[in-house]
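Working through the structure, step by step
Here's the letter readout for the chains.
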Amino acid sequence: MKGITQLRVGDPVDHFLLIKQSTKGVTTVGKPFMSLVLQDKSGDIEAKLWDTNEEHEKLYAASQIVRVGGEIQDYRGKFQLRVKSIRPAKTDEQVTINDLVPSADKPKEELMEELMQFFFEMKNPLIQRITRHLLKKHQPAFMTYPAATKNHHDYASGLIDHVVSMLKLAKSLCDLYPTLNKDLLYAGIILHDIGKVIELSGPVATTYTTEGNLLGHITIMVNEISKAADELQIEGEEVMLLQHMVLSHHGKEEWGSPKRPMVREAEILHYIDNIDAKMNMLNRALDKTNPGEFTERLFPLENRSFYKPTFE
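Because the structure is predicted, anything quoted here is derived from the model rather than measured.

1. Topic: the overall build of the chain
Within the chain, the secondary structure is distributed over eleven helices and five strands. Rg of the C-alpha trace for the chain: 21 Å, near the compact-globule value of 20 Å for 312 residues, within the 12% margin. Principal-axis analysis of the C-alpha atoms places the extent of the chain at approximately 60 × 45 × 40 Å. Buried positions account for 46% of the 312 residues belonging to the chain. A separation threshold of at least 6 residues defines the contact pool for the chain, and within that pool the share at least 24 residues apart is 58%.

Encoded structure:
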């Protein structure tokens, strides 16, 4: 059976799906409805339930497995699931959350092994010690968490997948521009999003935690670097520069960075992060698009659709 994101407009749906997100709303005429994001191993799709009530809100809350019947429709350039029937999965149907949660293509252990190789290229002992300390402290969650709730690397082990991909890109750039400081750039990449293991709830039905909403992963990680330096009794410019790498990696204040990059490696970190996130979104959208057709509209990419060429 095809995954939910591999279906085309007009295709019938009879799938077990996991409710990734569930939010309630009210129509312009005051009628309650629910917006669902439903997922299987192939990815996720939006759906609406109309004329809902409190019982529906309990039945169709995030993390529930449901059996959905309907069809795929095009809504303003984006695929949506038109629901004709929906019910909670029965225990005897033996569908588990693990069957429906997307994950990185490579096993998390293999990704971790690849990441650890980059420490051999680092020379600064202070940067190495802080980075190893924080990686070890958060390693179980770092290996399983997504990198976001939606848009890019929003699947189990998406965070480590994102970081390893960024490190490989950084290695190529360091070969091209040998003036880049590998220690600072590699450490900045490894640390820049570790705060997400506190900001986000986990790999299933991912939401923002209280700390995530009130502080955000950037502030969380700047504090973590400070704590690590105290615990390891490390002082020096390295601590401040690692904090700056994290503080500035979104690039601009309006994109969520408290500071703009003011160190060469921080500027490059921002570009690497942006390239890898956008490539992940594009690859996933184009994977479910036929040659000679356009992808659905991609909101994080200025709501553009991308054409898939007919030749390879």
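What follows picks up the thread again.
2. Regarding the domain arrangement of the chain
Taken domain by domain, the chain consists of domain 1 (11–99) and domain 2 (108–284). Each of domain 1 and domain 2 has a C-alpha centre, and these two points are 33 Å apart. Counting residues at the interface gives eight residues for domain 1, matched by five residues for domain 2. Across the pair D154 and K20 runs a salt bridge whose closest N-O atoms are separated by 3.1 Å.

3. Looking at the packing of helix α3 (residues 125–137) against helix α6 (residues 182–191)
Where α3 contacts α6, the two axes come as close as 10 Å, and the packing angle between them is 15°. Considering the angle they form, α3 stands roughly parallel to α6. Once α3 is placed against α6, the crossing between them reads as left-handed. Taking contact as the criterion, the partners of I127, T131, L134 and L135 in α3 are, on α6, D183, L184, A187, I190 and L191. Considered class by class, the residues forming the contact of α3 with α6 number seven nonpolar, one polar and one charged.

4. What to know about unusual backbone geometry
If a residue is not glycine, its phi is most likely negative; likewise, a peptide bond is most likely trans. A positive phi angle, close to 85°, is found at S63, a residue other than glycine. With relative accessibility at 32%, the residue S63 sits in the partly exposed group. One non-glycine residue, N303, lies in the positive phi region at around 60°. Mapped onto the elements of the fold, N303 is located in the segment after α11 (264–287).

5. A few points about the UniProt feature "domain: HD" (unreviewed entry) in the chain
The UniProt record marks residues 162–278 with the feature "domain: HD" (unreviewed entry), using the residue numbering of this structure. Secondary structure across residues 162–278 comprises 65% helix and 0% strand; the distance between its end C-alpha atoms is 11 Å.

6. Some thoughts on empty space enclosed by the protein
A full pass over the atoms with the stated rule returns one cavity of 30 Å³ or more. Considering only enclosed or pocket space, the largest cavity measures out at about 50 Å³ in volume. Forming the boundary of the largest cavity are K20, Q39, V101, P102, P146, D154, Y155, A156, P203, A205 and T206. Of the residues that constitute the lining of the largest cavity, the class distribution is seven nonpolar, two polar and two charged.

Reading the values: rules and limits
- Residues numbered from 1 in each chain as written.
- Predicted model: local features only at pLDDT ≥ 70, side-chain atom pairs only at ≥ 80, totals over all residues.
- Heavy atoms only, no water.
- Helix = DSSP H or I, 4+ residues; strand = E, 2+ residues; numbered from the N terminus.
- Rg over C-alpha atoms; globule rule 2.2 N^0.38 Å.
- Buried < 20%, exposed > 50% of the residue type's maximum accessible area, 1.4 Å probe, protein only.
- Contact = heavy atoms within 4.5 Å.
- Domains from an automatic or database assignment.
- Salt bridge = Lys/Arg side-chain N within 4 Å of Asp/Glu carboxyl O.
- Axes fitted to C-alpha atoms, helices over the stretch in contact; angles between N-to-C directions.
- Parallel < 35°, antiparallel > 145°, perpendicular 65-115°, else oblique.
- Left-handed = near helix turned anticlockwise from the far one by under 90°.
- Nonpolar A, V, L, I, M, F, W, Y, C, P; charged D, E, K, R; others polar.
- UniProt positions renumbered as here; feature names shortened; annotations may be inferred.
- 1 Å grid on protein atoms, 1.4 Å probe; cavity = no way out; pocket = protein on both sides within 12 Å on 5 of 7 lines; lining within 4 Å.
- Points joined across faces, edges and corners; volume = space filled by probe spheres on them.

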